[in-house]
Amino acid sequence: MSFSSKVKGELSLHLGNGRHCEIAETAAIVNICGQTAVFGNHFCLKMQTENFVVAKKCFTLLKNTFNIIADVSVRSSGRKQVYTLLVKNFSQAETILKATGLLFLEDGRKKLVKRIYSPVVSSICCRRAYIRGAFISVGSVNDPEKNYHMEFVLADKFSAEQLRELINSFGLDAKVVERKEHYVVYLKEGEQIVDLLNIMEAPLALMDLENVRIVKEMRNDINRKVNCETANLNKVVGAAVKQLEDIEYIEEHMGLSQLPEQLEEIARLRLEYPDKSLKELGSFLSTPVGKSGVNHRLRKISSIAEALREGKGEVE
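Residues numbered from 1 in each chain as written. Predicted model: local features only at pLDDT ≥ 70, side-chain atom pairs only at ≥ 80, totals over all residues. Heavy atoms only, no water.

### Here's the deal with unusual backbone geometry
Operational definition: For helices the rule is a DSSP run of H or I covering at least 4 residues; for strands it is a run of E covering at least 2, with both sets numbered from the N terminus onward. For every residue, the accessible area obtained with a 1.4 Å probe (protein chains only) is divided by the maximum for its type, and the residue is called buried under 20%, exposed over 50%, and partly exposed between those limits.
The residue Asn-67 is not glycine, and still its phi comes out positive at about 55°. Along the chain, Asn-67 turns up in the loop between helix H3 (52-66) and strand S3 (71-77). Classification of Asn-67 by relative accessible area gives exposed; the value is 65%. Its identity as a non-glycine residue notwithstanding, Lys-180 has a phi of 55°, on the positive side. Note on placement: Lys-180 falls in the loop between strand S9 (175-179) and strand S10 (182-187). According to the relative accessible area criterion, Lys-180 is exposed, its value standing at 78%.

Here's what the structure looks like:
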């Protein structure tokens, strides 16, 4: 089972915080998966999905919230099963559509529009419920072991923009992108996906994702430290090699005995201990000095070697 399926399975078991939340969750499913047929001035309602979890959740919500038993049918479409929930009774269909804010009267006429009806999501718990219903209907989330990505695939831009605004009302930064003939509301940051799982009230999935995030962050932190230490080590080794080359050049072309006493001492110590740090070299001197003092002397030796290479042959 995919991580996305686990999340949907967990969310489908959530009972909400009351009838108002159940209406909000129903509104999301009907708004996204619902289709209406008009007979004169009456409507019937049909929900179609390839996901059994969506069909089961919708059936349960209609039964618990409106005491309506939808007709359920299943047909095969290639390798997939298509589940259809049908509310044929005009009165029952209109009850659902009115409660979810999709059907209303305008100038005495019934008007049907797909939208997120603000009174349905007026409270925080109902906004949570609507987002939960939307995720169950058309949401998906990648396996966090691979990468962080959560999305909702919607049929039109207006629905996508409305859902984005609803999600962002919780302080998140969801975005919308057009993909082929659909509009996708998405989040790509692990922390924001964790927040949205919390908003939808999926604690088990949240803990699973957080555990993966902790391990990945620890692994990345270790890799960064190792890379940093390796880079520093390479830098130290490179500097030591250059120091040895300069000292050997001076020895060959001038002789270390021609150097000032302090420089000769540090040069001979570097030849004797090529793998020691500057701090350790400083502790071996007859009059110990710190790291900066050793570095200063070696830089002077480097300058002398460069002068010899350029033919100046001067020692100060």
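### Considerations on the sheet that holds S9
The criterion, for reference: We treat two strands as partners when DSSP finds at least two bridges between them. Orientation is described by axes fitted as lines to C-alpha atoms, over the contacting stretch for helices, and by angles from 0 to 180 degrees between their N-to-C directions. In what follows, a contact means two residues having at least one pair of non-hydrogen atoms within 4.5 Å.
One open sheet holds the four strands; their spatial order is S7-S8-S10-S9, and the pairing between them is antiparallel. Unpaired on one side and paired on the other, strand S7 (139-141) and S9 mark the two borders of the sheet. The sheet shows a mean angle of 25° between the axes of neighbouring strands, taken without regard to direction. In this structure, S7 lies alongside strand S8 (residues 150-154), joined through three bridges in antiparallel fashion. Bridging across to S8, Gly-139 finds its partner in Phe-152. Of the strands in this sheet, S7 and S8 are in contact with helix H5 (residues 124-138), which crosses S8 at around 80°.

### Here we look at the environment of Gln-81
Rules: Distance and chemistry together define a polar contact, namely a pair of N or O atoms within 3.5 Å, with one atom able to donate a hydrogen and the other to accept it when in protein, and with adjacent residues in sequence counting only for side-chain atoms on both sides.
Examined against the element boundaries, Gln-81 turns out to sit in strand S4 (residues 80-87). Gln-81 gets classed as partly exposed once you look at its relative accessible area, which sits at 34%. Spatially, the C-alpha atom of Gln-81 lies 5.7 Å from that of Glu-50, the residues being 31 residues apart in sequence. Contact partners of Gln-81, with chain neighbours within four places excluded, come to Thr-49, Glu-50, Val-74, Arg-75 and Ser-76. Only 2.8 Å separates the side chain of Gln-81 from the side chain of Ser-76, close enough to count as a polar contact.

### A few points about the packing of aromatic side chains
How we decide: Stacked, edge-to-face and tilted are the three classes for Phe, Tyr and Trp ring pairs, Trp counted by its six-membered ring, which pair at centre distances within 6.5 Å; planes under 30 degrees apart are stacked, over 60 edge-to-face, the rest tilted. Remark: a charge is flagged as sitting over a ring if the NZ atom of Lys or the CZ atom of Arg is within 6 Å of the ring centre and within 35 degrees of the ring normal.
Inspection of every chain in the model, using the stated rule, returns three aromatic pairs. Residues Tyr-273 and Phe-284 carry aromatic rings whose centres are separated by 4.8 Å and whose planes lie at 45° to one another, so their mutual orientation is tilted. With a gap of 11 residues between them, Tyr-273 in the loop between helix H9 (261-272) and helix H10 (278-284) and Phe-284 in helix H10 connect regions that are remote in the sequence. Between Arg-309 and the ring centre of Tyr-249, over which it is positioned, the NZ or CZ distance is 4.7 Å.

### Here's the deal with the pairing of S10
Here five bridges tie S8 to S10, and the two strands are oriented antiparallel to one another. Bridging from a neighbouring strand, Phe-152 pairs with Val-185 of S10. Where S9 hands over to S10, the hairpin turn is made up of two residues, of which Lys-180 adopts a positive phi near 55°.

### Concerning a negative patch on the surface
What counts is decided by this rule: Patch membership requires over 30% relative accessible area and the absence of a salt bridge. Like charges are linked within 9 Å, and nonpolar side chains (Val, Leu, Ile, Met, Phe, Trp, Tyr) within 5 Å. Note on areas: these come from Shrake-Rupley sampling with a 1.4 Å probe, and a residue is covered only by the protein chains present in the view. A side-chain nitrogen of Lys or Arg and a carboxyl oxygen of Asp or Glu constitute a salt bridge if their distance falls within 4 Å. Counting rule for charge: Lys and Arg are taken as positive, Asp and Glu as negative, and neither His nor the chain ends is counted. By convention, the point assigned to a charge is CZ for Arg, NZ for Lys, CD for Glu and CG for Asp.
A cluster of acidic residues, Glu-245, Glu-248, Glu-251 and Glu-252, forms a negative patch on the protein surface. Among the structural elements, Glu-248 can be located in helix H8 (residues 203-253). Residue Glu-248 is classed as partly exposed on the basis of its relative accessible area, which comes to 45%.

### A look at the sheet that holds S4
If you trace the four strands from one edge of the open sheet to the other, you get S1-S2-S4-S3, paired in antiparallel fashion. Across the chains shown, the open sheet's two edge strands, defined by having one partner strand only, are strand S1 (34-39) and S3. Going from strand to strand, the sheet's axes swing by 25° on average, the running direction of each strand aside. Direction of pairing for strand S2 (residues 42-49) relative to S4: antiparallel, over a ladder of five bridges. Paired with Thr-49 across the bridge in S4 is Tyr-83.

### Remarks on the pattern of salt bridges
The final tally for this structure, using the stated rule, is 18 salt bridges. For Lys-57, the salt bridge goes to Glu-25, with nearest N and O atoms at 3.6 Å. One end of the pair, Lys-57, is in helix H3; the other, Glu-25, is in helix H2 (residues 19-33), with 32 residues separating them in the sequence. With its nearest N and O atoms 2.9 Å apart, the salt bridge here joins Asp-246 to Lys-242. With Asp-246 and Lys-242 both in helix H8 and four residues apart, this pair spans about one turn of that helix. Exposure remark for Asp-246: the relative accessible area of 2% places this residue in the buried category.

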